[in-house]
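Structural overview for review
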Amino acid sequence: RSRTGRFQKTERDFLIEDEIETLETVKLPNDRLDKSRDLFLFSCYTGLAYTDMANLHPHNIIIGIDREYWIKTSRQKTNTKINVPLLPQALAILDKYKKHPMVIERGRALPYMSNQKINDYLKEIATLCGINKNMTFHLARHTFATTITLNNGIPLETVSKMLGHTKLSTTQIY
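Description of the structure in this document. Since we're looking at a predicted model, the values are computed, not measured. (Residues numbered from 1 in each chain as written. Predicted model: local features only at pLDDT ≥ 70, side-chain atom pairs only at ≥ 80, totals over all residues. Heavy atoms only, no water.)

1. A word on the overall build of the protein
In terms of helices and strands, the protein carries nine helices and three strands. In sequence order, the protein lays out its α and β elements as α-α-α-β-β-β-α-α-α-α-α-α. Seen through its C-alpha atoms, the protein measures out along the principal axes to roughly 50 × 40 × 30 Å. For the protein, buried positions account for 44% of its 174 residues. Nonlocal contacts in the protein, meaning residues at least 24 apart in sequence, comprise 59% of its contacts between residues at least 6 apart. Charge centroids of the protein, computed over 25 positive and 18 negative side chains, lie 9 Å from each other. (Helix = DSSP H or I, 4+ residues; strand = E, 2+ residues; numbered from the N terminus. Buried < 20%, exposed > 50% of the residue type's maximum accessible area, 1.4 Å probe, protein only. Contact = heavy atoms within 4.5 Å. Lys, Arg positive; Asp, Glu negative; His and termini not counted. Charge placed at Lys NZ, Arg CZ, Asp CG, Glu CD.)

2. Re the pairing of strand E2 (residues 69-74)
Pairing geometry for strand E1 (residues 61-63) and E2, over three bridges, is antiparallel. Considered in E2, the bridge of Ile62 is made with Trp70. A loop of five residues connects E1 with E2, the two strands running antiparallel in sequence, and Arg67 in this loop sits at a positive phi of about 70°. As paired strands, E2 and strand E3 (residues 81-85) are joined by five bridges and run antiparallel to one another. Each bridged residue has a counterpart across the sheet, and for Ser74 the counterpart in E3 is Lys81. In this antiparallel pair of consecutive strands, E2 and E3, the connection spans six residues, and Asn79 shows a positive phi of 60°. (Pairing = 2+ DSSP bridges.)

3. Looking at the nonpolar core
Counting residues in hydrophobic clusters, the biggest one holds 47 residues, and the most contacted among them are Leu15, Leu23, Phe40, Phe42, Met53, Leu110 and Met135. Elements supplying a minimum of two residues to this core: helix H1 (17-25), helix H2 (31-46), helix H3 (50-54), E3, helix H4 (88-97), helix H6 (115-129), helix H7 (137-149) and helix H8 (156-163). A per-element tally of this core places H2 first, with seven residues. Apart from residues no more than four positions distant in its own chain, Met53 is found in contact with Leu39, Phe42, Leu48, Leu110 and Phe137. (Core = buried A, V, L, I, M, F, W, Y, C linked by side-chain atoms within 4.5 Å.)

4. Some words on the sheet that holds E1
Taken together, three strands build an open sheet; the order of strands is E1-E2-E3 and the sheet is antiparallel. Among the strands making up the open sheet, the edge pair consists of E1 and E3. The sheet shows a mean angle of 30° between the axes of neighbouring strands, taken without regard to direction. (Axes fitted to C-alpha atoms, helices over the stretch in contact; angles between N-to-C directions.)

5. Let's talk about the packing of aromatic side chains
A full pass over the atoms with the stated rule returns two aromatic pairs. Here the aromatic rings of Phe40 and Phe137 are separated by 6.4 Å at their centres, their planes lie at 85°, and the arrangement is edge-to-face. Of the two residues, Phe40 is situated in helix H2 and Phe137 in helix H7; the sequence distance between them amounts to 97 residues. Both residues of the pair, Phe40 and Phe137, count as buried. Look at Tyr50 and Phe137: their rings are 5.7 Å apart centre to centre, the planes differ by 90°, and that puts the pair in the edge-to-face class. Pair noted here: Tyr50 is in helix H3 and Phe137 is in helix H7, with a separation of 87 residues, a long-range link. The pair formed by Tyr50 and Phe137 is uniform in burial state, with each residue classed as buried. An aromatic cluster is present here, built from Phe40, Tyr50 and Phe137 joined pairwise through their rings. Between Arg32 and the ring centre of Tyr121, over which it is positioned, the NZ or CZ distance is 4.6 Å. If you follow Lys133 out to its NZ or CZ, it ends over the ring of Phe14, 5.9 Å from the centre. (Phe/Tyr/Trp six-rings, centres within 6.5 Å; stacked < 30°, edge-to-face > 60°. Lys NZ or Arg CZ within 6 Å of the ring centre and 35° of its normal.)

Written out as structure tokens, the structure reads:
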């Protein structure tokens, strides 16, 4: 909100395809950055918010009527049901971590790292990739909503449902 109490329209940043490709292919110097990148990319390809990704259980990954893998869960923030198709990139990340000790110990689909830590590490990763944007975990949701879905011809109403938004106007901000 501005000082007048009115909401200000902000331009939402997102990654373009070239930046996603750079992020996917850059050699990172250590495991913490590698894991942060993977969690961020998982959200880019699923649109899951940090908390929904952190709480994702293996039982939330189902085979749909199309014989493809889907995430079926509810958004913690709004308790709205979400069904998201698992793209090959997201499936590869799940596969990479399925035997990770932290995943097995916590009974979750992905290893845990705090949102604050991921955001710190994303700044380092952005520098290493030459991405001049404010890389935060939430940027992944915006990337999903634009570069991954809308730019590939998926209707706004469908994107809104996948993001778990209760109002279309919320999605339009993205």
